[in-house]
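Structural description and commentary
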Amino acid sequence: MVITPVLLAGGSGTRLWPVSRKSFPKQFAPLVGHETLFQASARRLAGPRYGAPVVMTNADFRFVVAEQLNEIGVKPAAILIEPAGRNTAPAILAAALTVARTDPQALLLVAPSDHVVPDAEAFGRAVELGAEAALAGRIVTFGIAPTRPETGYGYMEAEEAGEGPVRLKRFVEKPDATRAAEMIAQGTYLWNAGIFLFQAQVMIDAFRAHAPDYLAPVQAALDEARSDLGFLRLAPEPWDRLPDLSIDYAVLEKANNLSVVRFSGHWSDLGGWDAVWRESLGDQAPERGAVTDDRSTAIDCDNVLLRSQDEGIEVVGIGLKDVMVVSTKDAVLVAGMDRAQEVRHAVSALKSKGARQAEAFLRDHRPWGWYETLALADRFQVKRIVVNPGAALSLQSHFHRSEHWIVVSGTARVTVDDTVTLVTENQSIYVPLGAVHRMENPGKVPMVLIEVQTGAYLGEDDIVRYEDVYSRS
């Protein structure tokens, strides 16, 4: 039987700040290797065992999801847009109800989209081990064979050792170091990877038995959903009534039909910079454990991670030990390697002081491409804007600013009120305050321009949209 992957792609990944932020979280970034974590996850769950994936995400990431899947040649069965984050329980139920419309007995494999599993074939064999139990009405979980007494993961206790599937006795909260070491010594405890295999109807019945309050709102959100440019937007009003709970708390800890398959292959949830450091070490660890990228240099350092995300910034460490330094264009993280799980507290501290860097980047991704702020001061802002081939910004006007556009590369088709002009490389055009305007890229290559805004207010909410091919309000 073909298995339908369900990729969960709506999280924020605050422990990998400053590279992962609410506006563009870690699953969409190439943290390990050249592909993003989301793309690697989608590719891992493609092939003869699997059908087209169902993706659960939110409105901010819908075009990123579609673009990244297109880049690797994966065509999704559906991309469901959650109106608000409500944890994994309602997301998984929405996927089960969606698939059950056509095949209630279909097998669904739910997986986060930000994990690292290099050996896709070994993981596929583990999935095949669990498939028979899932077809027999079990909810199959996948436990990772622990390699160290990790305190940052939840655990599961299996009834017995072995690959499985065997009965799952219970879930265990994140332990302290002493308890984690004791559990590993017993041999029946596994890391909880948050990966589940089940028949659609079996999961629906589990909600009916253990979390019935979810059924009506999630079904209503699906029934009242609307199609939008190939996405399915779930209705916000019923969705907003749902509790914010994980599938573990809402259903699985109460269910008696759970099995677990042990996966002994390499796995990481990339849950902190210490995990990125371990992944980057690989089998051939650099001398003294210093991990750097092309824009970083370690001199006489032990067990350090030095990483620069910006081509214009070089990071140099001298005589450091057990330290991680991660630099972006607008923020720098410096922390002890043993404090990796506390990076999320930095995000909270920045939010409390109103720092934009807590959640947003200088670069902002849009369905037509992206832009980044190069300079911002009182009454002016300078942006670099990249528009994808064939893409177009909305037809819009502004109340508080005028704009100058200088094309650096490619050709722009520019509408200003009733005039349409082709603006080529090294040419510029002026958009007066209040003019109705649009920018398009009619070419075959990305179009790059510099935008200079001047005016009393330069916020992104100073936009009146008249037409938009991406259906943004």
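Computed from a prediction, not measured in an experiment: that's the story for all the values here.

Some details on the packing of aromatic side chains
- Enumeration according to the criterion identifies 11 aromatic pairs in this entry.
- Their ring planes at 85° and their centres at 5.3 Å tell us that F63 and F231 sit as a pair that is edge-to-face. Taken as a pair, F63 in helix α2 (residues 62–71) and F231 in strand β10 (residues 231–233) lie far apart in primary sequence, 168 residues in all.
- When its relative accessible area of 4% is taken as the criterion, F231 is described as buried.

Some details on the pattern of salt bridges
- The tally for this structure, following the rule as stated, stands at 29 salt bridges.
- Taking the shortest distance from any N to any O, the salt bridge between D310 and K329 comes out at 3.6 Å. Note that D310 is positioned in the loop between β14 (302–308) and β15 (315–318) and K329 in the loop between β16 (321–327) and β17 (332–336), a separation of 19 residues in sequence.
- Connected via shared salt-bridge partners are D310, K329, R363, E372 and R384.

So, unusual backbone geometry
- Residue P18 is reached from W17 by a cis peptide bond, and omega for that bond is 10°.
- The phi torsion at D322 lies on the positive side, around 55°, for a residue other than glycine.
- As for its placement among the helices and strands, D322 is situated in strand β16.
- Despite not being glycine, R379 has its phi angle at roughly 75°, a positive value.

Some remarks on the UniProt feature "domain: MannoseP isomerase/GMP-like beta-helix" (unreviewed entry) in the chain
- Per the UniProt record, "domain: MannoseP isomerase/GMP-like beta-helix" (unreviewed entry) is found at residues 295–350.
- Taken end to end, residues 295–350 has its terminal C-alpha atoms 26 Å apart, with 14% of it in helix and 48% in strand.

Topic: the sheet that holds β16
- Sheet architecture is open: 4 strands sit in the order β12-β14-β16-β17, paired in mixed fashion. A strand with exactly one partner marks an edge of an open sheet, and here the two such strands are β12 (290–292) and β17. Geometrically, the sheet is characterised by an average inter-axis angle of 10° between neighbouring strands, direction not taken into account.
- Looking at chain direction, β12 and β14 are connected through 3 bridges and run parallel. Of the residues in β14, the one forming a bridge with A290 is V304.
- Sheet strands touched by helix α10 (residues 273–281): β12, β14, β16 and β17. Its angle to β14, the strand with the most contacts, is close to 100°.

What about the UniProt feature "domain: Mannose-6-phosphate isomerase type II C-terminal" (unreviewed entry) in the chain?
- In the numbering used here, UniProt assigns the feature "domain: Mannose-6-phosphate isomerase type II C-terminal" (unreviewed entry) to residues 358–468.
- Structurally, residues 358–468 is divided into 0% helix and 58% strand, and its ends, taken at the C-alpha atoms, are 29 Å apart.

With respect to α2
- Every buried residue of α2 is listed here: R62, F63, V64, V65, Q68 and L69.
- In this structure, the buried residues of α2 make contact with α1 (37–44), β2 (54–58), β3 (78–82), β9 (226–228) and β10.
- Positive phi appears at G73, one or two residues downstream of α2, with a value of about 75°.

So, the pairing of strand β1 (residues 3–8)
- Counted residue by residue, β1 has 6 buried out of 6 residues, so it is predominantly covered.
- Across the two faces of β1 the burial is the same, with I3, P5 and L7 and T4, V6 and L8 all buried.
- One ladder, built from 6 bridges, connects β1 with strand β4 (residues 107–112); its direction is parallel. Looking across to β4, one finds that V6 is bridged to V110.
- A crossover links β1 with its parallel partner β2, the connecting element being α1, and its sense is right-handed.

Considering the side chain of T36
- Among the secondary structure elements, T36 is positioned in the loop between β1 and α1.
- What makes T36 buried here is its relative accessible area of 7%.
- At 2.8 Å, the side chain of T36 and the side chain of Q68 are in polar contact.
- Ignoring anything within four residues of it in the chain, the contact list for T36 reads Q27, F28, A29, P30 and Q68.

Observations concerning the sheet that holds strand β18 (residues 363–366)
- Strand order across the open sheet formed by 6 strands is β18-β19-β20-β27-β22-β25, with antiparallel pairing between neighbours. Taken across any chain shown, the strands that pair with only one partner, and hence form the sheet edges, are β18 and β25 (428–431). Adjacent strand axes in the sheet meet at a mean angle of 20° when their direction is disregarded.

The rules behind the values
- Residues numbered from 1 in each chain as written.
- Predicted model: local features only at pLDDT ≥ 70, side-chain atom pairs only at ≥ 80, totals over all residues.
- Heavy atoms only, no water.
- Phe/Tyr/Trp six-rings, centres within 6.5 Å; stacked < 30°, edge-to-face > 60°.
- Helix = DSSP H or I, 4+ residues; strand = E, 2+ residues; numbered from the N terminus.
- Buried < 20%, exposed > 50% of the residue type's maximum accessible area, 1.4 Å probe, protein only.
- Salt bridge = Lys/Arg side-chain N within 4 Å of Asp/Glu carboxyl O.
- UniProt positions renumbered as here; feature names shortened; annotations may be inferred.
- Pairing = 2+ DSSP bridges.
- Axes fitted to C-alpha atoms, helices over the stretch in contact; angles between N-to-C directions.
- Contact = heavy atoms within 4.5 Å.
- Right-handed = clockwise from strand over helix to strand, strands pointing away.
- Polar contact = N/O pair within 3.5 Å; in protein donor to acceptor, adjacent residues only side chain to side chain.

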